[in-house]
There are 2 protein chains.
Amino acid sequence: MKKSEFSFIGDIASMFGALPHNGFEPIGDDCTVVDMGEDALVMTTDMLLEDVHFLRGASSAEEVGRKSLMVNLSDVAAMGAKPVATLLSIALTESAQGEWAEGFMRGYYEASREAGVALVGGDTTASRDKVAINVVAIGRAPKGCIKRRSAAKVGDIIAVTGKLGASSKGLVDIMFGDMDTPAARHHRIAQARIAEGEWLGRRKEVGAMMDISDGIASDIKHIMELSKVGAEIELKAIPTDYDIRYATTGGEDYELLLTVAEEKFESLSEEFFTATGTRLTAIGRITDTGELRWTEEGNPSEIELKGFTHF
Amino acid sequence: MKKSEFSFIGDIASMFGALPHNGFEPIGDDCTVVDMGEDALVMTTDMLLEDVHFLRGASSAEEVGRKSLMVNLSDVAAMGAKPVATLLSIALTESAQGEWAEGFMRGYYEASREAGVALVGGDTTASRDKVAINVVAIGRAPKGCIKRRSAAKVGDIIAVTGKLGASSKGLVDIMFGDMDTPAARHHRIAQARIAEGEWLGRRKEVGAMMDISDGIASDIKHIMELSKVGAEIELKAIPTDYDIRYATTGGEDYELLLTVAEEKFESLSEEFFTATGTRLTAIGRITDTGELRWTEEGNPSEIELKGFTHF
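Okay, so let's go over this structure. Given the structure is predicted, the values throughout are model-derived calculations rather than measurements.

Scanning chain A from terminus to terminus reveals 9 helices and 12 strands. Relative to the globule expectation of 19 Å for 311 residues, the C-alpha radius of gyration of chain A, 19 Å, shows essentially globular dimensions. If one aligns the C-alpha atoms of chain A with their principal axes, the spans along those axes are about 55 × 50 × 40 Å. Counting the 311 residues in chain A, one finds 59% classified as buried.

Moving on to empty space enclosed by the protein. Summed over the entire model, instances satisfying the criterion amount to 1 cavity of 30 Å³ or more. If you add up the space inside the largest cavity, you get close to 130 Å³. Lining the largest cavity we find 18 residues, and of these Ser-127 and Lys-130 of chain A together with Leu-49, Ser-127 and Lys-130 of chain B sit closest to its centre. The class makeup of the residues in the lining of the largest cavity is 8 nonpolar, 2 polar and 8 charged.

Evaluated as defined, the whole model comprises 12 aromatic pairs over all chains. With a centroid separation of 6.2 Å and an interplanar angle of 15°, the aromatic rings of Phe-54 of chain B and Trp-100 of chain B are classed as stacked. Separated by 46 residues along the polypeptide, Phe-54 of chain B in the loop between strand 2 (39–49) and helix 2 (61–77) and Trp-100 of chain B in helix 3 (residues 99–115) bring together distant segments of the chain. The residues Phe-54 of chain B and Trp-100 of chain B share a single accessibility class, namely buried. Put simply, the rings of Phe-16 of chain A together with Phe-54, Trp-100, Phe-104, Tyr-108 and Tyr-109 of chain B pair up and form one aromatic cluster. Above the face of the Trp-100 of chain A ring, Arg-56 of chain A is positioned so that its terminal group lies 5.7 Å from the ring centre.

The subject of this paragraph is the relation of the copies chain B and chain A. Once chain B is rotated about the relating axis by 180° and shifted along it by 0.0 Å, it coincides with chain A to within an RMSD of 0.0 Å. Considering both components of the superposition, the chain copies are consistent with a two-fold axis. Every residue of chain B has its C-alpha some distance from the rotation axis, and the shortest such distance is that of Met-36 of chain B, at 2.7 Å. When the interface residues of chain B are mapped onto chain A, 100% of them again lie at the interface, so the same face is used by both copies.

All names here are of chain A. The terminal C-alpha atoms of helix 9 (residues 265–276), which comprises 12 residues, lie 16 Å apart, in line with the 16 Å expected from a rise of 1.5 Å per residue. Buried residues of helix 9: Phe-265, Leu-268, Ser-269 and Phe-272, and no others. Angularly, the buried residues of helix 9 cover 95° about the axis, an arc narrow enough to put them on a single face. For helix 9, the exposed residues lying more than 90 degrees away from the buried face are Glu-266, Glu-270 and Thr-274. Elements in contact with the buried residues of helix 9: strand 6 (157–161), helix 6 (194–201), strand 7 (206–211), strand 9 (256–260) and strand 10 (280–287). The positive-phi residue at the C-terminal boundary of helix 9 is Gly-277, with phi of around 75°.

Here we take up the sheet that holds strand 3 (residues 82–92) of chain A. For sheets, the rule is that strands pair by backbone hydrogen bonds, running either parallel or antiparallel. Residue and element names in this part refer to chain A. In space, the 5 strands of this open sheet follow the order 1-2-5-3-4, with mixed pairing throughout. Only two strands of the sheet have a single neighbouring strand rather than two, namely strand 1 (32–35) and strand 4 (118–126). Across this sheet, the average inter-strand angle for adjacent strands is 15°, counted without regard to direction. Two elements, strand 3 and strand 4, share 8 bridges in a ladder whose sense is parallel. Counted as the bridge partner of Ala-91 is Thr-125 from strand 4. Contacting strand 2 (39–49), strand 3 and strand 5 (132–142), helix 2 (residues 61–77) runs over the sheet at an angle of about 145° to strand 2. On the sheet, helix 3 (residues 99–115) packs against strand 3, strand 4 and strand 5 and is oriented at approximately 175° with respect to strand 3.

Let us now look at the packing of helix 6 (residues 194–201) of chain B against helix 9 (residues 265–276) of chain B. All names here are of chain B. Running from N to C, helix 6 and helix 9 point in directions that differ by 140°, and their axes come no closer than 11 Å. As the angle between them shows, helix 6 and helix 9 are arranged oblique. Here helix 6 runs over helix 9; the crossing is right-handed. Contacts from Glu-196, Trp-199 and Leu-200 in helix 6 reach Leu-268, Glu-271, Phe-272, Ala-275 and Thr-276 in helix 9. Residue composition of the contact of helix 6 with helix 9, grouped by class: 5 nonpolar, 1 polar and 2 charged.

Bringing the interface of chain B and chain A into the picture now. Contacts between the two partners involve 68 residues from chain B and, on the opposite side, 68 residues from chain A. Carbon and sulfur atoms supply 71% of the area that chain B and chain A bury against each other, a total of about 5800 Å² over both sides. Applying the counting criterion to the chain B and chain A interface returns 2 salt bridges. One salt bridge connects Asp-129 of chain A with Lys-130 of chain B, and the closest N-O pair in it is separated by 3.7 Å. At the boundary of chain B and chain A, one finds 14 residue pairs in polar contact (both at pLDDT 80 or more). Here the element with the most residues in the side of chain B that touches chain A is strand 4 (residues 118–126) of chain B; it accounts for 9 residues. Grouping the amino acids of the side of chain B that touches chain A by side-chain chemistry returns 37 nonpolar, 17 polar and 14 charged.

Quick look at the sheet that holds strand 12 (residues 299–300) of chain B now. Residue and element names in this part refer to chain B. With mixed pairing, the 7 strands of this open sheet are ordered in space as 7-9-6-10-8-11-12. The open sheet has two free edges, formed respectively by strand 7 (206–211) and strand 12, since each of these has just one partner strand. In this sheet, strand 12 lies alongside strand 11 (residues 292–296) in antiparallel orientation, the contact comprising 2 bridges. Across the sheet, residue Glu-296 finds its bridge partner in strand 12, namely Asn-299. Most of the contacts of helix 7 (residues 216–227) go to strand 11, to which it runs at about 135°, and overall it touches strand 6 (157–161), strand 7, strand 8 (230–234), strand 9 (256–260), strand 10 (280–287) and strand 11. Taken strand by strand, helix 9 contacts strand 6, strand 7, strand 9 and strand 10, and its axis lies near 150° from that of strand 10.

The final tally for this structure, using the stated rule, is 46 salt bridges over all chains. Among the salt bridges present, the one from Arg-148 of chain B reaches Glu-25 of chain B, with a minimum N-O distance of 2.6 Å. Of this pair, Arg-148 of chain B sits in the loop between strand 5 (132–142) and strand 6 while Glu-25 of chain B sits in the loop between helix 1 (4–16) and strand 1 (32–35); the two residues are 123 residues apart in sequence, bridging distant segments of the chain. Here the residues in one salt-bridge network are Glu-63, Asp-180, Arg-185 and Arg-188 of chain A, joined through shared partners.

Rules and cut-offs
- Residues numbered from 1 in each chain as written.
- Chains lettered and ligands numbered in written order.
- Predicted model: local features only at pLDDT ≥ 70, side-chain atom pairs only at ≥ 80, totals over all residues.
- Heavy atoms only, no water.
- Helix = DSSP H or I, 4+ residues; strand = E, 2+ residues; numbered from the N terminus.
- Rg over C-alpha atoms; globule rule 2.2 N^0.38 Å.
- Buried < 20%, exposed > 50% of the residue type's maximum accessible area, 1.4 Å probe, protein only.
- 1 Å grid on protein atoms, 1.4 Å probe; cavity = no way out; pocket = protein on both sides within 12 Å on 5 of 7 lines; lining within 4 Å.
- Points joined across faces, edges and corners; volume = space filled by probe spheres on them.
- Nonpolar A, V, L, I, M, F, W, Y, C, P; charged D, E, K, R; others polar.
- Phe/Tyr/Trp six-rings, centres within 6.5 Å; stacked < 30°, edge-to-face > 60°.
- Lys NZ or Arg CZ within 6 Å of the ring centre and 35° of its normal.
- Least-squares fit on C-alpha atoms with pLDDT ≥ 70 in both.
- Contact = heavy atoms within 4.5 Å.
- Expected span 1.5 Å × (residues − 1).
- Arc of directions from axis to C-beta.
- Pairing = 2+ DSSP bridges.
- Axes fitted to C-alpha atoms, helices over the stretch in contact; angles between N-to-C directions.
- Parallel < 35°, antiparallel > 145°, perpendicular 65-115°, else oblique.
- Left-handed = near helix turned anticlockwise from the far one by under 90°.
- Buried area = accessible area lost by both parts, 1.4 Å probe.
- Salt bridge = Lys/Arg side-chain N within 4 Å of Asp/Glu carboxyl O.
- Polar contact = N/O pair within 3.5 Å; in protein donor to acceptor, adjacent residues only side chain to side chain.

Put into C-alpha cells, the structure is as follows:
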C-alpha cells in the first residue's frame, strides 16, 4: 500500500484503541495474544494476492500454498509459540480452479503436515481477476513464554537465526529469469523457524523477538519503537552469503530477530545450535540512544540502508 | 465457486482430517471451537471480493465495512457465543485508497462499536484490480453454551428469528436500480443477531443452531446432514413480507435457524421476545426420514425450491 500503509494502520490502531479489548492485546506485535489461563493463544493473519505477493508464472501452485502458510507460521514462531491451527480463505479465478487449486492445497497440506498444524476453518469463493488468499495462524504457549517486541533492554545482544539475504537475492535472480539458483530456490521454498521460535520462547534470557519479513534495517525499528530503545548493528557480523544490502534491507527471510541478555548469549547460542541445528549470531547491541546506528568493524558506517518495498 | 465449491471443500476437509486437531473441532459448523477451560473460543472467517460479494457502485464504502464485519459476527452468534474480537485483512486498489478506505473503516468501526468487539490484528496490502477483504471473528462462551449443527433431535421444533426474504428481495430491487426500497435498505445495512445468538446459547432447550446465509432450503440441509435427521417445513408458517421464494431460497438474511425441544418452545419464544424484542417462529419439525419435505397447510407442497447461488 505504498507509503500510506503505515499511516493507515496507525489511524486504524488509534481509532479502535478506544473500544474494549475483551482480553486481547492490542495491535503491535507479530500476533495478538489472548489469555487462556495457564496458556495463551496467539493469532495472526496475512493476505497474499496474485501479482502483488506472487506470480503464477514464477512460482508453482504448491510453492504458493506452502508460502501462504509459512509466512503466517513465522509470525507465530516469532512470539515463542507453537503453531497449532490455521484458517484458510481462498478466492479462485476461473483459470485457477481445478489443477492450480489442487496444487495449492497440496503445498498447503504438506507444509501443514510438516509443522503439525490443523486446518480448522476457512472460506472458498470465486474471484473475477486475481487469486486472493488469506491465512490465519493460531499458536499456543505457556503465558510466560510469549515474546514481545517491547521486551528489549539496553545492553542486550541483538541476534539473528540462520543467514540473511538469500530470499531477496533469489527474487532478483527470478526477475532475471534465473529460476533455479540456490537463492531462487530459497525464495520459492519458504521455511519458517518453527522449532527455533518455540525453543527460544521457553528461554527467559530472550527478551524481544520478531520475524524478519522486511529486512533487519526496517524490522529492528519496530523493536526500538515498542521497547523505547536504540540499536547498534555491526555490518561485518551479519551472517550472509550475499551483498550486505540483501542481508539488511531484503525481505522475506523469515529468520528470527531477537534480543538476549548479554551474559547469557554464549551459552544460549551453543544450546540452541545443539537443540535445533540452527546458528544464532550476535549482530549488535541494544542502546539507550533511541537511534539505529550501523558500524563496520566498530566504526560508524557511511552506508545508507532503506527498508525493502514489496512492490 | 459454482458447483465445484462443495466438492473442493469436502476434499479439503477429508485431506486434513488425518492431521492432528490440536484441541480444535474440525470443519463443519459456522465456527471452529477451541477449549479454554471453563470457556471456549469460537472462530470463523469470510472473504468478500469486489464484484463478487459487493459492487462499489451499489453499496457505500461504509455499508461494505459494516457488512464485512456483520456476516462474520452472525457466524459467531449462530454458535451461541458472544463476539469479542476480529482480525481484518484488506487489499486496496489505487482507486480505493483514501476516501473509500476511510469510509470502509468508518463502517467497520461503527459496527464494531455497536457489537462491542475489538480489532486485534490484520493486514493491509495493495491489490491490482479489485478490493479484497477478509475478516476473522472470534467469540467466547461458557463451553456448555456452544450450539452445533449436529444437535438436532427427532421431534424438535424448527424455528427462525425475525422475518426472512428481505435481503434477497432487496438485492433484486437494487439490480433494478431501486436502491431505496425497505428491502434494499435491509440488504445494504447488514445486521447480525448478536444478542439473540448469545441469549439462545444459554438455553438448554435449544439444540442445533446456525445462521441463514444461503436460505433455509439450503441451510437446513447442513443441520440434517450433521444431525442425521430429516425435516418438514410448513411454507405458510415462514415469517416473511415477500414472495416465498425469497424467504426460502434467498440469501444473506442473517437470521438464526434453530431447533428447540417441542414442549419448551412456547415458553422459550415468549421469554426470548421479552428479552430481545425479536420474534421466534416455529416453521417445522425435525423428522426421522432423512429427507427435507415442504408442506402447505399440512399437505405436501409441489413447490420446487433450490438454494440461492451467489453469482
